[in-house]
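# Summary of the model geometry
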Amino acid sequence: MEHFEIPTIRFLEKTQNQDFQIPLLAPFVTGKEEIYLKKCLQSGWITTTGEFVEAFERKIQDYTQSSYVVAVSSGTAALHLALKAVGVSENSLVILPNISFVASANAIHYCQAEPIFVDISPDTWQLDEQLLLKFLQNECYSKGKHTFHKATQKRISALVLVHNLGNIGNLTEIQKIAENFNIPLVEDAAEALGSFYHQKHAGICSKVGILSFNGNKIVTTGGGGAILTADEKIAQKVRHWANQAKTSKEEYFHDEVGYNYRLPNPLAAIGLAQMESLDFFLARKRYIYNFYTNILFGKAIWQRTLESVEPNYWLFTALFENSSQIAQKLQDKGIQTRKLWYPLNRLPMHKKCLYVQENDISWEIYEKSLSLPSSVGLQENEMEKIAEILQKI
Ligand SMILES: Cc1ncc(COP(=O)(O)O)c(C=O)c1O
């Protein structure tokens, strides 16, 4: 295995979270963040425009090869605008996998649309394309340019494909299904910065995609997100909405209801420095993934990676028969773990929503899941401490 010299690091989460000596995911700060932030503060541009916002967008554009990038205040805001841009509106239905962070569903509610949850595949833990196809073929019909759900007569206005844990499922098949049923595909690549599908970056394989720069993501601005698209009109629209739909630089004229969703310049300064370290972050994530898979080989199972995918290994998660006991043992030694996201269909606000499933794989995976510390700055002695406990399983 490669050996890494870890430069000076600061575990921000450690100081916030005194309960855990080894946090699940902590930001990694190399130093350039301070330099850029200082430059930003000295420039006086402590606002939502400025050179760092532009530089950060350009950097994401270079890295992802997305034609257009619009930086916004969070991944949730990015998803809200992305859904609105593809025509998600009141009383329509939006399909998404049943396992995702709740923000994926919340953005659908913000558009006054209703989510339909589709169970995940037992090996990739991503939206099950076979279930999706069966649902569309048997329970929906096409009329004009749209697909409607037979039972409710509501239009299916989008399909949100979440790249769970920064990994990617059978995107080719899902693209085909979305195309055949005329359903706009939106990639929720919040966790997938640095992940590629057939050499194309996550989030640029559909009409519009989004990234998150939340505190636990591979690149963080504290809070932030971005919209990726090849469609100039969508890029213009979302930029306009994110800036309160303001039409003029000179006066406060707004041509529709907008949002205050712009990314502040100081946060973009942090983001730019973080982006410059992304290759190092990715190498560290791969190293941590190899560490866990070596220790757990034959003792646990983890997400399958398809050949077409180069994931970012954002957060190592495995399935154990006795995940709660293992979590307790790790917690006793100050090591933080988490289960995956609670299946969306079981959250109180989704009780009446449709859940497309045959064997409720989501619940089984949720119950057995355990995410293990995966910070870029995880130290060798910390890995030894974790290994000691895991090897006793
Ligand atoms: C899959 C997914 N979608 C959306 C979001 C929302 O992003 P943010 O926290 O930046 O609003 C997150 C994470 O935070 C996420 O993991």
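Reading guide: rules and limits
Residues numbered from 1 in each chain as written. Predicted model: local features only at pLDDT ≥ 70, side-chain atom pairs only at ≥ 80, totals over all residues. Buried ≥ 20, exposed ≤ 12 C-beta atoms within 10 Å, placed from the backbone. Helix = DSSP H or I, 4+ residues; strand = E, 2+ residues; numbered from the N terminus. Pairing = 2+ DSSP bridges. Core = buried A, V, L, I, M, F, W, Y, C linked by C-beta atoms within 7 Å. Contact = placed C-beta atoms within 7 Å. Domains from an automatic or database assignment. Nonpolar A, V, L, I, M, F, W, Y, C, P; charged D, E, K, R; others polar. Arc of directions from axis to C-beta. Near = placed C-beta within 6 Å. Axes fitted to C-alpha atoms, helices over the stretch in contact; angles between N-to-C directions. Left-handed = near helix turned anticlockwise from the far one by under 90°.

### Describing the pairing of strand β3 (residues 114-118)
Burial analysis of β3 places five of its five residues in the buried class, the great majority of the element. Here β3 shows a buried face lined by Glu-114, Ile-116 and Val-118 and a second buried face lined by Pro-115 and Phe-117. Where strand β2 (residues 93-97) meets β3, five bridges bridge the pair, whose relative direction is parallel. Residue pairing across strands places Val-94 opposite Pro-115, the latter belonging to β3.

### Here's the deal with the nonpolar core
Within the largest apolar cluster, 118 residues are counted, with the highest numbers of intra-cluster contacts made by Val-72, Leu-81, Ala-82, Leu-83, Val-94, Ala-226 and Ile-227. Filtering out sequence-adjacent residues up to four positions away, Ala-82 remains in contact with Val-186, Val-208, Ile-210, Ile-227 and Val-238.

### Here we look at the domain arrangement of the protein
When the domains of the protein are assigned, the result is domain 1 (12-26 + 278-391) and domain 2 (32-276). If you average the C-alpha positions of domain 1 and of domain 2, the two centres end up 24 Å apart. Facing 36 residues of domain 1, the contacting portion of domain 2 comprises 37 residues. Of the residues assigned to the side of domain 1 that touches domain 2, the class counts are 22 nonpolar, nine polar and five charged.

### Topic: helix α12 (residues 361-368)
Every buried residue of α12 is accounted for by Ile-361, Ser-362, Ile-365 and Tyr-366. Along the long axis of α12, the arc covered by the buried residues comes to 130°, so they all point the same way. On its buried face, α12 is in contact with β14 (317-319) and β16 (369-371).

### Describing the sheet that holds strand β13 (residues 309-310)
Reading across the sheet, the three strands line up as β9-β8-β13 and stay open at both edges, with antiparallel pairing between neighbours. Whereas interior strands pair on both sides, the edge strands pair on one side only; in this sheet they are β9 (200-201) and β13. As paired strands, strand β8 (residues 196-197) and β9 are joined by two bridges and run antiparallel to one another. When the bridges of β9 are listed, Tyr-197 appears paired with Lys-200.

### Notes on the site of the ligand
Around the ligand, the surrounding shell holds 15 residues, and the nearest of these are Ser-74, Gly-75, Thr-76, Ala-190 and Ser-212. Sort the elements by how many residues they give to the shell around the ligand and helix α4 (residues 75-85) lands first, with three residues. Residues of the shell around the ligand, tallied by class, amount to five nonpolar, eight polar and two charged.

### Things to note about the packing of helix α3 (residues 51-64) against helix α9 (residues 265-276)
Relative placement of two packed helices is described by the angle separating their axes and the distance separating the axes. It is at 8 Å that the axes of α3 and α9 come closest, and there the two elements cross at 35°. Here α3 runs over α9; the crossing is left-handed. Taken together, the residues of α9 that come into contact with α3 (itself represented by Phe-52, Val-53, Ala-55, Phe-56, Lys-59, Ile-60 and Tyr-63) are Asn-265, Ala-268, Ala-269, Gly-271, Leu-272 and Met-275. For the contact of α3 with α9, the class distribution of residues is ten nonpolar, two polar and one charged.

### Description of unusual backbone geometry
You will see that Gln-244, though not glycine, has its phi angle at about 55°, which is positive. The phi angle at Asp-360 is positive, at roughly 45°, despite the residue not being glycine. Position of Asp-360 relative to the elements: it lies in the loop between β15 (354-356) and α12.

### As for the sheet that holds β3
Whenever strands of a sheet pair, they do so through backbone hydrogen bonds, lying parallel or antiparallel. Taken together, eight strands build an open sheet; the order of strands is β1-β11-β10-β7-β6-β2-β3-β15 and the sheet is mixed. With partners counted over all chains shown, the strands left at the sheet margins are β1 (68-72) and β15, one partner each. With strand direction ignored, the average angle separating the axes of adjacent strands in the sheet is 20°. Pairing between β2 and strand β6 (residues 156-162): three bridges, direction parallel. Bridge pairing in β6 places Ile-95 opposite Leu-159. Helix α8 (residues 232-242) contacts β1, β10 (208-212) and β11 (225-229) of the sheet and is inclined by roughly 15° relative to β1.

### Side note on the environment of Thr-337
If you trace the backbone, Thr-337 turns up in the loop between α11 (323-332) and β15. You can call Thr-337 buried: it has 22 C-beta atoms within 10 Å. Separated by 45 residues in the primary sequence, Thr-337 and Glu-382 have C-alpha atoms spaced 14 Å apart. Ignoring sequence-local partners within four residues, the contact set of Thr-337 consists of Leu-24, Ala-327, Leu-330, Leu-370, Ser-371 and Leu-372.

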